[in-house]
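# Topology and contacts: notes
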Amino acid sequence: MSDGPRTSWYRRLSLRSRMILLTAAMVAITLATGGFLILKAIEAELVDGSDEAGLAIAERMAKLAMRDEIPDRLPFLGDPEAVVQMVRDGRVIAQSDYKMGNWAVDLEPQSVDSSAVQRVGGLPVPEDGPYRVTALGVETVRGPATIFVAMPVEDIEETVGTATGVLTLGLAVLVLVLCGVMWVVIGRTLAPVEAIRRQASEITAKRLNRRVTEPVQQDEIGRLARTVNLMLDRLEDSADRQQRFVADAAHELRSPVASLRTQLETAEVGPTGDVSAVSVPDLLHETLRIQAMVVRLLLLARTDAGDLASQLSSVDLDDTVFE
């Protein structure tokens, strides 16, 4: 059976470690989220630029196609890495100057004046993929056709990957530096608390006159030190009242107890077993006196402890003074 509820590893850490861990986690999550969104925005911007470049090439080809001025082998149209084809009814009408045979891009043709963009993993050309393929439908003098412009995006993915690595490394360095700075700052901040704890641990019942050092700053730590000192003041006052009570009780009870002891020690027992030389009224008087003192001392103790409520009543001052 378990001895009690288990404490989580987080609760077993020091306050400084927990504060640093929590802050580092929050900063890392915030910066990582922000960096991820920035990278996605940069990637989207680069991809949009590539798509716009592909659409611009397709529109230039469309103008040539409407004038029936497209050669079988297309010249350079703005991007040497772009793969361009014009396809009609699944047959290649014109394409970029690649020696890859008469192959057609295996994508859905577009209707006239409509366009679409699709990502493909690769094409049968020397350059590696992936590609962003823009398809534009165009009306030519020989009938409708589709122009395909494939723009490589490998450089974009490499750029984003490099930026991700740099951002991750920078984030790790930043978090480590932040942890180091927080370790020093929090350590200095909590140093007065540790001093208060150390000084308080040295205060015992015989050293209730000692006090903890109060910082100059009027902050939470300063208020804590003042509260501890006020508590020590109350403890010292309570201990003083207890000592006075014990001294008063010992002083008040000493005389009647001594009187009883003296009378009992001087008493004599007669032949018939009767006790002589003892005044019963005197013994009763001393006993009642002790009882009254005990009652008053108990009342005094309860008053010092704050267990009695104040009750006001009228008294005759003359009788009190006379008594």
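Above: the structure in question.
Next up on the list: the packing of aromatic side chains. Tallied over the full model, the rule gives zero aromatic pairs. The ring centre of W183 lies 4.2 Å from the NZ or CZ of R16, which sits over that ring.

This paragraph deals with the pairing of strand 5 (residues 131–140). Burial runs high along strand 5: eight of the 10 residues are buried. Pairing of strand 4 (residues 115–120) with strand 5, which is carried by six bridges, proceeds in the antiparallel orientation. By the bridge assignment for strand 5, A116 is matched with A135. Where strand 5 lies against strand 6 (residues 143–152), 10 bridges are found, and the strand directions are antiparallel.

Before going further, it helps to examine a negative patch on the surface. The grouping of E81, E127, D128, D155 and E158 at the surface amounts to a negative patch. Following the sequence through the fold, D128 ends up in the loop between strand 4 and strand 5. Note on D128: relative accessible area 54%, which makes it exposed.

This part takes up the pattern of salt bridges. For the structure on display, the rule yields eight salt bridges. Across the pair D51 and R132 runs a salt bridge, and its minimum N-O distance is 2.8 Å. Taken together, the residues span a long stretch of sequence, with D51 in helix 2 (residues 15–66) and R132 in strand 5 at a distance of 81 residues. One salt bridge in this structure joins E202 and R210, with 3.4 Å as the shortest N-O distance. Taking the relative accessible area as the measure of exposure, R210 reaches 34% and is therefore partly exposed.

On the surface, L169, V173, V177, V181, W183, V184 and V185 cluster together into a nonpolar patch covering about 630 Å² of accessible area. Here L169 shows up in helix 3 (residues 154–201).

Before going further, it helps to spend a moment on the nonpolar core. Ranked by size, the top nonpolar core spans 17 residues in total, and within it I57, M61, I70, V84, M86, I147 and V149 carry the most contacts. Sorting the residues of this core by element identifies helix 2, strand 2 (83–88), strand 3 (91–96), strand 5 and strand 6 as the ones contributing at least two each. For this core, the element with the most residues is helix 2, which contributes five residues. Setting aside its immediate chain neighbours within four residues, I70 contacts M61, L64, A65, M86 and A94. Within the second largest apolar cluster, 12 residues are counted, among which are V105, L123, F148 and A150.

Thresholds, definitions, all that
- Residues numbered from 1 in each chain as written.
- Predicted model: local features only at pLDDT ≥ 70, side-chain atom pairs only at ≥ 80, totals over all residues.
- Heavy atoms only, no water.
- Phe/Tyr/Trp six-rings, centres within 6.5 Å; stacked < 30°, edge-to-face > 60°.
- Lys NZ or Arg CZ within 6 Å of the ring centre and 35° of its normal.
- Buried < 20%, exposed > 50% of the residue type's maximum accessible area, 1.4 Å probe, protein only.
- Helix = DSSP H or I, 4+ residues; strand = E, 2+ residues; numbered from the N terminus.
- Pairing = 2+ DSSP bridges.
- Patch = residues over 30% accessible without salt bridge, like charges linked within 9 Å, V, L, I, M, F, W, Y side chains within 5 Å.
- Areas by Shrake-Rupley, 256 points an atom, 1.4 Å probe, with all protein chains shown as cover.
- Salt bridge = Lys/Arg side-chain N within 4 Å of Asp/Glu carboxyl O.
- Lys, Arg positive; Asp, Glu negative; His and termini not counted.
- Charge placed at Lys NZ, Arg CZ, Asp CG, Glu CD.
- Core = buried A, V, L, I, M, F, W, Y, C linked by side-chain atoms within 4.5 Å.
- Contact = heavy atoms within 4.5 Å.

In short, geometric facts, not functional conclusions.
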